[in-house]
Amino acid sequence: MSAETPAAASGQFTRRRLQFRAWRGTRPFWAGLYVLLSGLPIMYFPYFHLQLGHLTLAMATTAGAGSLIIGVLLVVLGISLWFQKHVRTFAGVAAILLALVSLPVSNFGGFVMGFLLALIGGAMAVSWAPGAPEQPQPPAEAAPGAGGAPEAAPLPHQGTDPLSKSNDLSGTSPANGANGRHSAG
């Protein structure tokens, strides 16, 4: 950094933090983080050598390549949950299935750490739903004669002629504004 380098604008850290917070709130961030972190112990422990004095304890299994593949897939699924939120159901189910496969293949799923992180992250990904955008709030007080229930105002096509009255009791007539679709509730 030289004397000519401009200093960071005041409040830039706060602005970046709020931007990250807004980005994080629109996607299954924590589910992606758990799935990503679950891949690390699953792919690390089969290649880990523990030194106890002059004794080397190798955790290698015959399925070392399988452990590496499972771990890399979990890391990729975690990153895809962050940047492609529309694949959350697929990524969550795939993470749960990979966690279950890691039990017999990769030292009990990375000594149960990776297994549990993948199960929790996958369940969070499947259950995550995007929030509804905020609706503008109506004014707190309305004038005494203004507003009212929508049923109180007559529709323009409704007349006082009894012959123009529809015999449709299903409530799905386009004259009712139902667009021909049945209501489930």
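In what follows, the structure referred to is the one given above.
To start, this report covers the structure provided alongside it. (Residues numbered from 1 in each chain as written. Predicted model: local features only at pLDDT ≥ 70, side-chain atom pairs only at ≥ 80, totals over all residues. Heavy atoms only, no water.)

Remark: helix α3 (residues 64-83) packs on helix α4 (residues 88-105), axes separated minimally by 10 Å, with the N-to-C direction vectors making an angle of 160°. Our classification of the angle between α3 and α4 gives roughly antiparallel. Note that α3 runs across α4; the crossing there is left-handed. Only R88, F90, A91, A94, A95, L98, V101, S102 and V105 of α4 make contact with α3, whose side of the interface consists of G66, S67, I70, L73, L74, L77, S80 and L81. Along the lines of polarity and charge, the residues of the contact of α3 with α4 split into 12 nonpolar, four polar and one charged. (Axes fitted to C-alpha atoms, helices over the stretch in contact; angles between N-to-C directions. Helix = DSSP H or I, 4+ residues; strand = E, 2+ residues; numbered from the N terminus. Parallel < 35°, antiparallel > 145°, perpendicular 65-115°, else oblique. Left-handed = near helix turned anticlockwise from the far one by under 90°. Contact = heavy atoms within 4.5 Å. Nonpolar A, V, L, I, M, F, W, Y, C, P; charged D, E, K, R; others polar.)

On to the packing of aromatic side chains, then. Per the counting criterion, the structure on display carries seven aromatic pairs. Relative to F83, the ring of W23 lies with its centre 5.8 Å away and its plane at 45°, an arrangement referred to as tilted. Highlighted residues: W23 in helix α1 (residues 12-25) and F83 in helix α3, separated in sequence by 60 residues. Judged by relative accessible area, W23 falls into the partly exposed class, the value being 25%. (Phe/Tyr/Trp six-rings, centres within 6.5 Å; stacked < 30°, edge-to-face > 60°. Buried < 20%, exposed > 50% of the residue type's maximum accessible area, 1.4 Å probe, protein only.)

The next point concerns the nonpolar core. By size, the foremost hydrophobic cluster in this structure holds 15 residues, and its most contacted members are V35, I70, L74, L77, L81, A95 and L98. Of all elements in the fold, only α2 (29-44), α3, α4 and α6 (113-127) reach the threshold of two or more residues within this core. For this core, the leading source of residues is α4, giving five residues. Ignoring sequence-local partners within four residues, the contact set of V35 consists of L74, L77, G78, L81, A95, L117, G121 and G122. (Core = buried A, V, L, I, M, F, W, Y, C linked by side-chain atoms within 4.5 Å.)

Turning next to the pairing of strand β1 (residues 49-52). With four bridges connecting them, β1 and strand β2 (residues 55-58) associate as antiparallel partners. Bridge assignment links Q51 to a residue of β2, and that residue is T56. Linking β1 back to β2 in an antiparallel pair, the connection comprises two residues, with G53 at a positive phi of about 70°. (Pairing = 2+ DSSP bridges.)

Turning our attention to α2. One turn of the α-helix equals 3.6 residues, which is why residues spaced by three or four share an orientation. Compared with an ideal rise of 1.5 Å per residue, which puts 16 residues at 22 Å, α2 spans 23 Å between its outermost C-alpha atoms and is within 8% of the ideal. Listed as buried for α2 are F29, A31, G32, V35, L36, S38, G39, P41, I42 and M43. Taken together, the buried residues of α2 touch α1, α3, α4, α5 (107-111) and α6. (Expected span 1.5 Å × (residues − 1).)

A cluster of nonpolar side chains, Y47, L68, V72 and V76, forms an exposed patch at the surface whose accessible area comes to about 340 Å². Tracing the sequence through the fold places Y47 in the loop between α2 and β1. Assessed through its relative accessible area of 44%, Y47 is described here as partly exposed. (Patch = residues over 30% accessible without salt bridge, like charges linked within 9 Å, V, L, I, M, F, W, Y side chains within 5 Å. Areas by Shrake-Rupley, 256 points an atom, 1.4 Å probe, with all protein chains shown as cover. Salt bridge = Lys/Arg side-chain N within 4 Å of Asp/Glu carboxyl O.)

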